[in-house]
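# Structural features, examined
Chain by chain, the residues:
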Amino acid sequence: RVSVAESGGGSVQAGGSLRLTCRVSGYPYRAYGVAWFRQAPGKQRAGVASVDSDEDKYYADSVKGRFTISRDDVDHIVYLQMNNLKPDATAVYYCAAATKLAGVDYEGICRGNNYGMDYWGKGTLVTVSS
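First, a word on scope: everything that follows refers to the structure included in this document. Keep in mind it's a predicted model, so treat the numbers as computed, not measured. (Residues numbered from 1 in each chain as written. Predicted model: local features only at pLDDT ≥ 70, side-chain atom pairs only at ≥ 80, totals over all residues. Heavy atoms only, no water.)

### Examining the overall build of the chain
The line we're drawing: The helix and strand labels rest on DSSP assignments: H or I over at least four residues marks a helix, E over at least two residues marks a strand, and numbering proceeds from the N terminus. As defined in this context, the radius of gyration uses C-alpha atoms, and a globule is described by 2.2 Å times the residue total to the power 0.38. Here's how the labels work: a residue is buried when its accessible area is under 20% of the maximum for its type, exposed when over 50%, partly exposed in between, all with a 1.4 Å probe on protein chains only.
For the chain, the count of helices and strands is 1 helix and 11 strands. For the chain, the succession of helices and strands along the chain, N to C, is β-β-β-β-β-β-β-β-β-α-β-β. Taking 14 Å as the expected radius of gyration for a compact globule of 130 residues, we find that the chain reaches 14 Å, a close match to that expectation. Projected onto the principal axes, the alpha-carbon positions of the chain cover approximately 40 × 30 × 25 Å. Going through the 130 residues of the chain one by one, you find that 45% of them count as buried.

### Some thoughts on the packing of aromatic side chains
The cut-off we apply is this: Note on aromatic pairs: the rings of Phe, Tyr and Trp (six-membered ring only in Trp) are paired at centre separations within 6.5 Å, and the planes decide the class, stacked below 30 degrees, edge-to-face beyond 60, tilted for the rest. Here, a charge over a ring means that NZ of Lys or CZ of Arg falls within 6 Å of the ring centre while also lying within 35 degrees of the ring normal.
A complete count under the given rule lists 3 aromatic pairs for this structure. Each ring, one from tyrosine 27 and one from tyrosine 119, has its centre 6.3 Å from the other, and the planes form 75°; the classification is edge-to-face. With tyrosine 27 in the loop between β3 (18-25) and β4 (32-39) and tyrosine 119 in strand β10 (residues 119-120), this residue pair connects regions lying 92 residues apart in the sequence. Three or more aromatic residues joined by ring pairs form one cluster here, namely Tyr27, Tyr32 and Tyr119. Sitting over the face of the ring of tryptophan 120, arginine 45 holds its NZ or CZ atom 4.8 Å from the ring centroid.

### Section: the sheet that holds strand β7 (residues 67-72)
What holds strands together in a sheet is hydrogen bonding between their backbones, with the strands either parallel or antiparallel. Our working definition: For two strands to be treated as a pair, DSSP must find no fewer than two bridges joining them. Axis angles are defined between N-to-C directions and span 0 to 180 degrees, where every axis is a line fitted to C-alpha atoms and, for a helix, only to the segment in contact.
One open sheet accounts for 4 strands, arranged β1-β3-β8-β7; its pairing is antiparallel. Every other strand in the sheet has two partners, leaving β1 (3-7) and β7 as the edge strands with one partner each. Ignoring strand direction, the axes of neighbouring strands in this sheet form an average angle of 15°. Sheet topology note: the β3/strand β8 (residues 77-82) ladder contains 6 bridges and is antiparallel. Residue pairing in the sheet places cysteine 22 in a bridge with valine 78 of β8.

### Quick word on unusual backbone geometry
One non-glycine residue, arginine 30, lies in positive phi territory at about 55°. By secondary structure assignment, the location of arginine 30 is in the loop between β3 and β4. In this model, glutamate 55 sits at a positive phi of 70°, which is unusual for a non-glycine residue. Along the chain, the position of glutamate 55 falls in the loop between β5 (46-51) and β6 (57-59). The partly exposed category is assigned to glutamate 55, whose relative accessible area is 30%.

### Let's talk about the side chain of aspartate 52
Worth spelling out the cut-off: Positive residues here are Lys and Arg, negative ones are Asp and Glu, while His and the chain termini are left out of the count. Here a salt bridge means any side-chain nitrogen of Lys or Arg lying within 4 Å of a carboxyl oxygen belonging to Asp or Glu. Here a polar contact means two N or O atoms within 3.5 Å. Within protein one must be a hydrogen donor candidate and the other an acceptor candidate, and residues neighboring in sequence count only if both atoms are side-chain atoms. Working rule for contacts: check all heavy atoms of both residues, and any pair within 4.5 Å makes them a contact.
Secondary-structure assignment places aspartate 52 in the loop between β5 and β6. Despite its burial, aspartate 52 pairs with no opposite charge, the nearest such side chain being arginine 71 at 5.9 Å. Among the polar contacts listed, one links the side chain of aspartate 52 to the backbone nitrogen of aspartate 56, at a separation of 2.9 Å. Beyond its immediate chain neighbours, meaning those up to four positions away, aspartate 52 contacts Tyr32, Gly33, Tyr58, Arg71 and Tyr106.

### Focus on the pattern of salt bridges
Inspection of the entire model under this criterion finds 5 salt bridges. Notably, a salt bridge pairs arginine 30 with glutamate 55, separated by 2.6 Å at the nearest N-O pair. On the criterion of sequence distance, the pair formed by arginine 30 in the loop between β3 and β4 and glutamate 55 in the loop between β5 and β6 is long-range, its members being 25 residues apart. Between aspartate 61 and lysine 64 there is a salt bridge; the shortest N-O distance is 3.1 Å. Ionic contacts of the salt-bridge type, sharing partners, join the residues Arg30, Glu55, Arg71 and Asp73 into one network.

Following this line, the structure appears as structure tokens:
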């Protein structure tokens, strides 16, 4: 049984940093990809960063150069390091996983395309104050 769980959200001032953690269980080693999404109040959920099973990484234009996604396949963790945070980053951040066989367009996720992810976490709140 697959499960996905986020942690690491919190409150930070503009310019600060946070690291979100996504723990994925139930998949064989490197048999899945992961994407981070965020949903701000009154807005649609949007892809932020993604990493496929080959460790190719993609980012939304709005976070390039400030956010870094990485995966630890030994512990089945995917991190989202967020630096130089801006108030518009305030949102609930969700992690989602999909099997490598699902054919997910991980680059497209960060461009606003349909998701196709199989399993979602419950989200973690990030608040950035000015």
